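# Fold and contact review
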Amino acid sequence: MEIIIVANEEEVGRVAADKVIEGLAGKATPVIGLATGSSPLSLYAELSRRAKAGEVDFTHALGFALDEYVGIDPAHPESYRNVINRTVTEPLGMAPERVRVPDGSAEDVQAAAEEYDAAIDAVGGVDVQVLGIGSNGHIGFNEPFSPFSSRTRVEILTPQTREDNARFFNSIDEVPTHCVTQGLGTIMDSHAAVMVIIGEGKADAAAAMIEGPVSASMPASVLQFHPNCTVVLDEAAASKLKHADLFRTRAAIREQYSHLA
Ligand code: F6R
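Quick notes on the rules
Residues numbered from 1 in each chain as written. Predicted model: local features only at pLDDT ≥ 70, side-chain atom pairs only at ≥ 80, totals over all residues. Heavy atoms only, no water. Core = buried A, V, L, I, M, F, W, Y, C linked by side-chain atoms within 4.5 Å. Buried < 20%, exposed > 50% of the residue type's maximum accessible area, 1.4 Å probe, protein only. Contact = heavy atoms within 4.5 Å. Near = heavy atom within 4 Å. Polar contact = N/O pair within 3.5 Å; in protein donor to acceptor, adjacent residues only side chain to side chain. Nonpolar A, V, L, I, M, F, W, Y, C, P; charged D, E, K, R; others polar. Helix = DSSP H or I, 4+ residues; strand = E, 2+ residues; numbered from the N terminus. Axes fitted to C-alpha atoms, helices over the stretch in contact; angles between N-to-C directions. Parallel < 35°, antiparallel > 145°, perpendicular 65-115°, else oblique. Left-handed = near helix turned anticlockwise from the far one by under 90°. Pairing = 2+ DSSP bridges. Expected span 1.5 Å × (residues − 1).

Quick look at the nonpolar core now. Met-209 and Leu-233 are the most contacted members of the largest nonpolar core, which totals 78 residues. Once residues within four sequence positions are removed from consideration, Met-209 is found in contact with Met-1, Ile-133, Met-195, Ile-197, Met-218, Ala-220, Ser-221, Leu-223, Gln-224 and Val-231.

And the structure:
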């Protein structure tokens, strides 16, 4: 894992955008994996700014979202289909048909989930997977004790996740109980992963994921086995890292000798 600690959310967006663009470079049809939630908003805003300035072009890219609620009205403003449209598809200038979101309202959600996984494989896999982390260590909606080898599937949300996401709804009762999410195995197949972590509320999860043991109780820790994973976090999110100084030193050397590694 490459750990990059920066001053604030805006800087997280800029540094993560560099990493995403680097991972998509040179691909005829770049494939980007998309997280929803608040963590990647500064990243998407920065990608949008660069697209509007003509520095990058996402019109030929394909997008695959990580997850969706099951049973939510697709027209609901907080359905991930709508969130992705608002925060990614439109700002990046992508045609809606080039950005897929798991279908949480399919008649057979599990069959649709399996088809989704196959569709990712069919385009050669995800070139860069954008990730956030839940306060309980989930990535996508792979809650604690999700199998490390899991593929896209229907899952039950933990009470913690429903509570965390209640801020997007009128009350916790409106937060769906189920979701469909890319599996940990699906995420681990991505060619590169860029995780963004913002704020003190994520400091415990960040420290456990980066410095703790790889454990089913901390699903994001599986990323320690990812061959090309970058974690960009702000000072607040990094505040519980025991090895922050080491990470800072390594990042500075890496930048100074960028031709070496
Ligand atoms: C959503 C997703 C989740 C979020 C996580 C953090 O697509 O993949 O894993 O990244 O719940 O959410 P925020 O960023 O809202 O704190």
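The local shell around the ligand holds 16 residues, among which Thr-36, Ser-39, Asp-67, His-138 and Lys-202 are the closest. Here Thr-36 contributes a side-chain N or O atom positioned 2.7 Å from an oxygen atom of the ligand. Lys-202 is positioned with one of its side-chain polar atoms (N or O) 2.7 Å from an oxygen atom of the ligand. For the shell around the ligand, the per-class residue count stands at five nonpolar, eight polar and three charged.

Our next topic: the environment of Val-180. Mapped onto the elements of the fold, Val-180 is located in strand β8 (residues 178-181). Residue Val-180 is classed as buried on the basis of its relative accessible area of 1%. Spatially, the C-alpha atom of Val-180 lies 9.8 Å from that of Ser-105, the residues being 75 residues apart in sequence. Apart from the residues within four sequence positions on either side, Val-180 is in contact with Leu-66, Asp-67, Glu-68, Val-70, Pro-102, Asp-103, Gly-104, Val-109, Ala-113, Thr-152, Arg-153 and Val-154.

On to the packing of helix α1 (residues 9-24) against helix α2 (residues 41-52). Running from amino to carboxyl end, α1 crosses α2 at an angle of 60°, the nearest separation of the two axes being 7 Å. Taken together, α1 and α2 sit at an angle that is classed as oblique. When the axes of α1 and α2 are compared, the crossing they make is right-handed. Contacts from Glu-9, Val-12, Gly-13, Arg-14, Ala-16, Ala-17, Asp-18, Val-20 and Ile-21 in α1 reach Ser-42, Leu-43, Glu-46, Leu-47 and Arg-50 in α2. Partitioned by chemical class, the residues of the contact of α1 with α2 number seven nonpolar, two polar and five charged.

Moving on, we come to the side chain of Asn-165. Along the polypeptide, Asn-165 turns up in helix α5 (residues 159-165). Side-chain polar atoms of Asn-165 contact the side chain of Tyr-69, separated by 3.0 Å. In this view, Asn-165 contacts Tyr-69, Tyr-80, Phe-141 and Val-175; residues no more than four positions away in its chain are not counted.

To continue, consider the sheet that holds strand β3 (residues 62-65). With parallel pairing, the seven strands of this open sheet are ordered in space as β1-β10-β9-β6-β2-β3-β5. On the outer flanks of this sheet lie β1 (2-6) and β5 (99-100), each paired with one strand and no other. When β3 meets β5, the two strands line up parallel, connected through two bridges. The residue of β5 that forms the bridge with Gly-63 is Val-99. Helix-sheet contacts for α1 involve β1, β2 (31-34), β6 (128-131), β9 (192-197) and β10 (229-234), and the interaxial angle to β10 is about 165°.

Across its 14 residues, helix α4 (residues 109-122) extends 20 Å between first and last C-alpha, which sits within 8% of the 20 Å expected from 1.5 Å per residue. Along its buried surface, α4 packs onto β3, β5, β7 (153-156), β8 and α6 (184-188). Of the residues that open α4, the one with a side-chain oxygen 3.3 Å from the backbone nitrogen of Gln-110 is Asp-108. The positive-phi residue at the C-terminal boundary of α4 is Gly-124, with phi of around 90°.

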